[in-house]
Amino acid sequence: MKRTAFDIVENQNLQGKVYLVTGAYSGLGAVTTQALLKAKATVIVAGRNAQLQAEFAKSLKENPEISFDDQQLDASHIIDLGSLESVKNFANYVKTNYDQIDCLINNAGVMYTPPGKTKDGFETQMGINVIGHFLLSKILVEKTKRQVWLSSKGHTRQGAPRIDLKSITKVDEAAYDTQLRYQQSKLGNILLAKQFEVEYPHLVSVSVHPGVVKTNLVRNITFTQKLLFALLNPLMVMNMQTPEQGASTQVMVATLPEGQLINGAYYADCKVAKEAESAKNMEDSQKLFEYCNEVTKAFQS
Ligand SMILES: NC(=O)c1ccc[n+]([C@@H]2O[C@H](COP(=O)([O-])OP(=O)(O)OC[C@H]3O[C@@H](n4cnc5c(N)ncnc54)[C@H](OP(=O)(O)O)[C@@H]3O)[C@@H](O)[C@H]2O)c1
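The notes below deal with the structure included here.

1. Notes on unusual backbone geometry
Non-glycine residue Asp269 carries a positive phi angle of around 55°. Residue classification places Asp269 among the partly exposed residues on the basis of a relative accessible area of 47%. Positive phi, close to 65°, is recorded for Cys270, a residue that is not glycine. On the secondary structure map, Cys270 appears in the loop between strand E7 (266–268) and strand E8 (271–272). Taking relative accessible area as the criterion, Cys270 reaches 15% and is therefore assigned buried.

Here it is, written out as structure tokens:
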């Protein structure tokens, strides 16, 4: 039986440590938040919907399995990773109110969205999964000790092509390949995890594939796509994990004692895993970092 996020934090005392989890009120983010609170950490939850965030906070407080002090949970602010203005406001709130972020968990994500752009004109999946998280990570970088970026084995799909910066602002509805754009965004998450580590020697930064996990992420997938995926990947579907199991790797890399993580590595199943060649290309990771830095510059202060 696969270990759960709760198994990972059993016997851990994270009192005094501060974690920031994006996309915290559903799926992997929700379990991650619960496990961290259970281990006595302070958790800043960063979701985009104020009502869902308030309901999540209430459900945590009413959950008899997780007892925690009020000061341990900060659900006071929301973030829309698809709006650089919103990311800036949220990040500045955190920067002003916290001395240190022990670990930033860039967990939020969208998958297979229809053709569209974020408020700032980036293709939706790249804009939310990569560029929004870049800005959050950049504004908080001096206060952050560790970053965990949720990637996916999906970065190897479609032949794992290299990152294509030119397509980030281009959305041609007729030619839009939503699976390719998801692949690109999850590749982008690995590349940024590696480049943040290079740019900021004080940081430990890693990426994670959580496995195939039953969550709300599939909301944009049609019945036919689901059927096709099940036919092509029967074992994967049969072995689908619960969110409690799926969150084990991100909770492990977020809570391992200093010195026990491989900086820049890609983890799956609670151990270092092999990423695609395109995810090892440090020239591309530098270019993506520079691209994100340039397009978010106006929002960084
Ligand atoms: N589930 C899997 O099998 C799997 C596999 C590989 C990788 N992953 C990765 O794991 C991460 C977590 O996904 P999940 O499976 O837990 O899916 P999920 O249940 O759909 O959770 C995703 C979270 O991200 C939030 N989010 C989406 N867009 C946002 C935005 N613009 N601003 C702020 N928050 C936003 C969602 O909020 P709303 O509910 O308001 O939209 C939701 O809380 C993702 O990065 C995903 O790519 C998942």
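2. So, the packing of helix H5 (residues 124–140) against helix H11 (residues 282–296)
Running from N to C, H5 and H11 cross one another at 80°; their axes reach a closest spacing of 10 Å. One finds that H5 runs roughly perpendicular with respect to H11. Contact residues: H5 offers Val130, Ile131, Phe134, Leu135 and Lys138, while H11 offers Leu288, Phe289, Tyr291, Cys292, Asn293, Val295 and Thr296. By residue class, the composition of the contact of H5 with H11 is 9 nonpolar, 2 polar and 1 charged.

3. Let's talk about the pairing of strand E6 (residues 204–209)
Along any regular strand, the residues point their side chains to alternate faces of the sheet. With 5 of its 6 residues buried, E6 lies for the most part within the structure. As judged from the 5 bridges shared by strand E5 (residues 146–150) and E6, these two strands associate in the parallel manner. Across the sheet, residue Val148 finds its bridge partner in E6, namely Val206. Looking at chain direction, E6 and E7 are connected through 3 bridges and run parallel.

4. Some remarks on the site of the ligand
Around the ligand, the structure places 29 residues, and the nearest of them are Tyr25, Ser26, Arg48, Tyr182 and Thr215. Residue Tyr182 places a side-chain N or O atom 2.7 Å away from an oxygen atom belonging to the ligand. Between the ligand and Thr215, the relevant distance is 2.6 Å, taken from an oxygen atom to a side-chain nitrogen or oxygen of the residue. Calculation on the ligand without its partners gives an accessible area of 890 Å², and the protein chains cover 95% of this total. Looking at the shell around the ligand, the elements that each hand over two or more residues are helix H2 (27–38) and helix H6 (178–199). Classifying every residue of the shell around the ligand gives 13 nonpolar, 12 polar and 4 charged.

Rules behind the numbers
Residues numbered from 1 in each chain as written. Predicted model: local features only at pLDDT ≥ 70, side-chain atom pairs only at ≥ 80, totals over all residues. Heavy atoms only, no water. Buried < 20%, exposed > 50% of the residue type's maximum accessible area, 1.4 Å probe, protein only. Helix = DSSP H or I, 4+ residues; strand = E, 2+ residues; numbered from the N terminus. Axes fitted to C-alpha atoms, helices over the stretch in contact; angles between N-to-C directions. Parallel < 35°, antiparallel > 145°, perpendicular 65-115°, else oblique. Contact = heavy atoms within 4.5 Å. Nonpolar A, V, L, I, M, F, W, Y, C, P; charged D, E, K, R; others polar. Pairing = 2+ DSSP bridges. Near = heavy atom within 4 Å. Polar contact = N/O pair within 3.5 Å; in protein donor to acceptor, adjacent residues only side chain to side chain. Areas by Shrake-Rupley, 256 points an atom, 1.4 Å probe, with all protein chains shown as cover.

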